[in-house]
Structure formats: C-alpha cells, structure tokens
Amino acid sequence: MSLESRPIDSVRGMLDLDSQQTHVQAQLRQSLLDAFQLASYVPIEVPLVEQADLYLRKSGAETISKMYTFEDFGGRRLALRPELTASIVRYYLGNDQNSTFPLRYAYSGPVFRYEKPQRGRFRQFSMAGVELLGSDGPSADAEVIALACWTLKRLGIAQYRLVIGHVGILLELLGSLGLSTRLRHFLLDSMEDVGRPGRGLGYVRKRLEEIHPNRRAAATTQESFTGSEEQAQATLRASLQEMGIELDGSRPAEAILGRMFRKQRASDEDERLERAFEFIQGLHDLSGAPGEVLERARKFLESFGLGDQPLSRLTDVVAALHAYGIEDSHVQVQLALGRGLHYYTDVVFELYDSTGQSQLCGGGRYNELVQSLGGRKSVPAVGFAFGLERLRLALDEQGAAPPAPPPTQVLVAAASTGATHASMQTAQRLREQGISAEHDLRQRAERARIGYANRRGIPFVLLVEDKNDTAILRNLSEATEQALSLGEVVQVLNG
C-alpha cells in the first residue's frame, strides 16, 4: 500500500465519539451547566487557543510540560488551552474588571494535555466548571465545594468522597525557610509524590538532582535570606577577630571569607530543604476524618513554629458544608493535597467516585492569579472543574448514564420515482411538526426498505405517492398499515 493511499489514523490520545457517546456527552454537559446556572453561575465561552504565557506564569511544571504549544504565522507563541481557569481570569480582566463582585462564571469545553493515554485519561478531554471571583471567606469556599457535591448527586452519583486540604500550609512553611522560588515550585509539584506508592522521598530527592543538578552551586551565588554576601562577610570577620583567629596570609581575606560564606550558605539550604522534606512527610500522616486530623494538625504546625489559621479556615469550611447537607462521612481532610497548580493559595479539594480511585472533579482558591495575569489589584477567587470523560465512566458504572437518544420515528419513502419530491416535502413537513423523519435517499424496494428500518430501530415507514392527499403508514412492530392524511400521520406518530 502506497503512503498516499494508507488510512490516516486519529492522533493518539484523541478520541472519536460514536453517536451514543456524543449524545451522553452533550446531555452531561448540559446537565452540568443547568446545575451551575441554578446557583447563579452564568455560562461564558473562551477560545481554544490562547497566548502560551497565560499558562506559563502560574500553571505549574506538570501542566506546562504537557502543553501543546506552537508559533503562529505572526511569530506569536500560542497554546491549546490545558485548563480553563486561567482563560476565565483572562476573560474577567478583559471584560468585567469594573463589574460588581461577586462574579460567577460557568464554562464547558475541550482542553489539551500531552498525557499518557489510559482509562478515563486522554490528550483531548472536556471540562465543565465554575469560577467565583471577588469573594473571600469560608462561605465562598463552601458554596463552590457544595455546588460540586450537589451536582454529582443531581447526576445520580450519591456515593462520592470529598478530599479537602489547604496548600497555604506548605506555602507558609516554605516562605519561612527562605528557599528559592525554583525550589519552592519543585516542592509544591512534588508534594503528592512523597506519599505516592512506589515513589516517596527517595524518588523526590533523586528527581531534584536530575532537574537541578547544579542546585548546590547555584545556592552559593544566590541572595541569602540572612542578608547579602558583603554583610555576612563583615559579620564573619568580626566574629573571627573576637575569637582571636587570624586569617591565612597566603590568600586575600575577602576570598577566604567569601568561600566560607558560600559553603555555609549551601549547607544552610540543604538543612532547610531537609526541614521542608520532613514537613511534607508529616503532612502525609495528616489524613482522615476532619475532627481527628485537624486536632493533630494543630500540634504538628506548632512544632514547626507555624500558626493554625489555615486549620481554622478548614474547620469553618467543613462547618459550612454541614449547612449544605454534606456530612463528615463524605469528607476526608488530607493536608498533603497539592493539586499540582502553582496558582492555588488556600483551600483545595478533589471529588472521587465511590471506589476512591477515580478523580471526577478538582478545584480550590487562587487569590493571587488575577494579579499575576495583569489585574489592577488582588482578587479573591475560587473554582472547580469536572472531567466529563471520567464523569461519564462513573455514571456508566453506577447505572446512572443518560438514556440513549430516541431513534428516528419514521422513514419516509417515495412510492415511485415521480413521487420523490412529494416524499421530500412530506419529510420536511413532519420535521416542522417536531417529528424526526429520515428520507429514503436510496429509494429501496419495499423489502429492503423495511429491513433497513428494522436495523436502524425506526418503528414506522411512510410511503408517499405523487399527487395523493394520503400516504401509507406502516407500523413495523404490529405489521399493519393504513392510508392517512398528513395530519393523521402526525397524530399517530405523536402517540
């Protein structure tokens, strides 16, 4: 077979949907948007293609590494959107910055990531979600989380697990340690790997050396959280003089002090990094029912000199969820939950199916993203998104998938070649009456026509004659037929 005649396959990870799947997907998307609108989240649409920089600023290494980017004919660096939150924020900045808060947006559409294809995970998949801008506080967090849970129940998935955490806890620890921005991002990206089977701290340490092989050398040239190199050298020189220690006269004193300072700084960073690893490991032990975990977490944070404000926030959110009817039996607090996106600043959450293995939804608070993307001021914001493909699988497994689309109601055929135009007009008139009608383009013989209708699940065949006010309507399941006017045909087909 020549190259030109070889069939062209679909791109790996990009799925075709058959008519049933397309119907279910459309029903699912509409059900989600209907649920969001009942909570006053208005639907908007944003483009598939955005400036790549929109995602490079705050999306996190994992998402960035899976982006489809390209340069257009104008030399602009563009990307197929890998998620929708950044696009919604860009929409707000361009259209609604002067609007009254809070703003509630809903959206749905495909996104693209270079994932490893597997069950429920593809390189093109669909998201549907909401973003709430301009409202801080646990009530806003609870509204968004409760909406996600209620939407699941409305779709027929009553058994689910809500996992809730607070990424601000780790951010506060990393800030207090004064680690470089690059290391902070690495640790945020790696937080969930520490507790993942087959990975753990050993994996994370090895990956750190692979990604940042010159980290220790770089640390010696960076500004230290304890001050500039000149300040540190002056302090060190004074201390040596107080102790009566003379510097070796074979080299300039500044060179000796500088080397001592840089060695100390690299050692300091290693110690701070180990402290961060110890903290992350401890966070993984803080997982379970809200009451039990939050109490233990207070003591844990205290041992690292951190306040308990994030835990108070989680306590308030869980209490507010009770008001929405979400009991603690559905809720698991997991303080190592990271979500892998750098724009999260506060409460984060994920929803899983009844098995706890398939993540259906994820979201959280991102109070700094608006300003990071060019906003005039910081705007508190929180949101979530469902993955439609995984949601469809969960509905199938729980027997709650939307029903199949109804088959075509009638096959309209011409009784003779001369009746072709009449049959075409009849089919169109039936459609205008709300009846799904297929015109028999192939002008099959009677036996073939009936066989075709049976194979397609079409219950009626209407045979139209030229210049005749009536047509023959055959009921295939009852094997009966009668001559009827168009009005009578409509009455029969409408049941």
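Predicted model only: the values in this text are computed from it and were never measured.

### Considering the nonpolar core
Moving on, step 1. Of all hydrophobic cores here, the largest spans 108 residues; its most connected members are Phe36, Phe279, Leu283, Phe384 and Phe386.
Moving on, step 2. Residue contributions to this core peak at ten residues, all from helix H5 (residues 138-155).
Moving on, step 3. Once you skip the residues sitting within four places of it in the chain, Phe386 turns out to touch Leu32, Phe36, Ser126, Met127, Ala128, Ala148, Thr151, Leu152, Leu351, Leu360, Cys361 and Leu391.
Moving on, step 4. Judged by nonpolar contacts, the second largest core, of 16 residues, contains Val412, Phe460, Leu484 and Leu493.

### Some points on the packing of aromatic side chains
Moving on, step 1. On inspection of all chains with the given rule, the structure shows eleven aromatic pairs.
Moving on, step 2. For the pair Phe300 and Phe304, a centre-to-centre distance of 5.1 Å together with 50° between the ring planes defines the contact as tilted.
Moving on, step 3. These aromatic residues form a ring-pair network of at least three members: Phe36, Phe349, Phe384 and Phe386.
Moving on, step 4. Against the face of Tyr114 rests Arg123, its NZ or CZ located 3.8 Å from the ring centre.
Moving on, step 5. The ring of Tyr352 carries Arg161 above its face, with NZ or CZ at 5.0 Å from the centroid.

### Some thoughts on helix H7 (residues 181-194)
Moving on, step 1. In this model H7 runs 20 Å from its N-terminal to its C-terminal C-alpha over 14 residues, within 8% of the 20 Å that 1.5 Å per residue would give.
Moving on, step 2. In the structure, H7 departs most strongly from a straight axis at Leu188, where the bend amounts to approximately 30°.
Moving on, step 3. The complete set of buried residues in H7 reads Leu183, Phe186, Leu187, Leu188, Ser190, Met191, Asp193 and Val194.

### Let's talk about the packing of helix H1 (residues 19-38) against H5
Helix packing for two helices is described by the angle between their axes and how far apart those axes are.
Moving on, step 1. The geometry of H1 relative to H5 is characterised by a closest axis approach of 10 Å and an angle of 135° between their N-to-C directions. The pairing of H1 with H5 is recorded here as oblique in orientation. Relative to H5, H1 is oriented so that their crossing is right-handed. For the pair formed by H1 and H5, the contact residues are Leu28, Ser31, Leu32, Asp34, Ala35, Phe36 and Leu38 on the first element and Leu147, Trp150, Thr151, Arg154 and Leu155 on the second.
Moving on, step 2. Residue composition of the contact of H1 with H5, by class: eight nonpolar, two polar and two charged.

### Thoughts on the sheet that holds strand S13 (residues 410-414)
Moving on, step 1. What the five strands build is an open sheet, ordered S14-S13-S15-S16-S17; its pairing is mixed. Each having just a single partner strand, strand S14 (437-439) and strand S17 (480-485) make up the two edges of the open sheet. Pairs of neighbouring strands in the sheet enclose a mean axial angle of 25°, with direction left out of account.
Moving on, step 2. Relative to S14, S13 runs parallel, the two sharing three bridges. Each bridged residue has a counterpart across the sheet, and for Val412 the counterpart in S14 is His439.
Moving on, step 3. Contacts from helix H17 (residues 446-456) reach S13, S14, strand S15 (460-464) and strand S16 (470-475) within the one sheet, and its direction differs from that of S13 by about 160°.
Moving on, step 4. Here helix H18 (residues 486-493) sits on the sheet and contacts S13, S15, S16 and S17; the angle it forms with S17, its principal contact strand, is near 130°.

Parameters and conventions
- Residues numbered from 1 in each chain as written.
- Predicted model: local features only at pLDDT ≥ 70, side-chain atom pairs only at ≥ 80, totals over all residues.
- Heavy atoms only, no water.
- Core = buried A, V, L, I, M, F, W, Y, C linked by side-chain atoms within 4.5 Å.
- Buried < 20%, exposed > 50% of the residue type's maximum accessible area, 1.4 Å probe, protein only.
- Helix = DSSP H or I, 4+ residues; strand = E, 2+ residues; numbered from the N terminus.
- Contact = heavy atoms within 4.5 Å.
- Phe/Tyr/Trp six-rings, centres within 6.5 Å; stacked < 30°, edge-to-face > 60°.
- Lys NZ or Arg CZ within 6 Å of the ring centre and 35° of its normal.
- Expected span 1.5 Å × (residues − 1).
- Bend = angle between axes of the 7 residues up to and from the residue.
- Axes fitted to C-alpha atoms, helices over the stretch in contact; angles between N-to-C directions.
- Parallel < 35°, antiparallel > 145°, perpendicular 65-115°, else oblique.
- Left-handed = near helix turned anticlockwise from the far one by under 90°.
- Nonpolar A, V, L, I, M, F, W, Y, C, P; charged D, E, K, R; others polar.
- Pairing = 2+ DSSP bridges.

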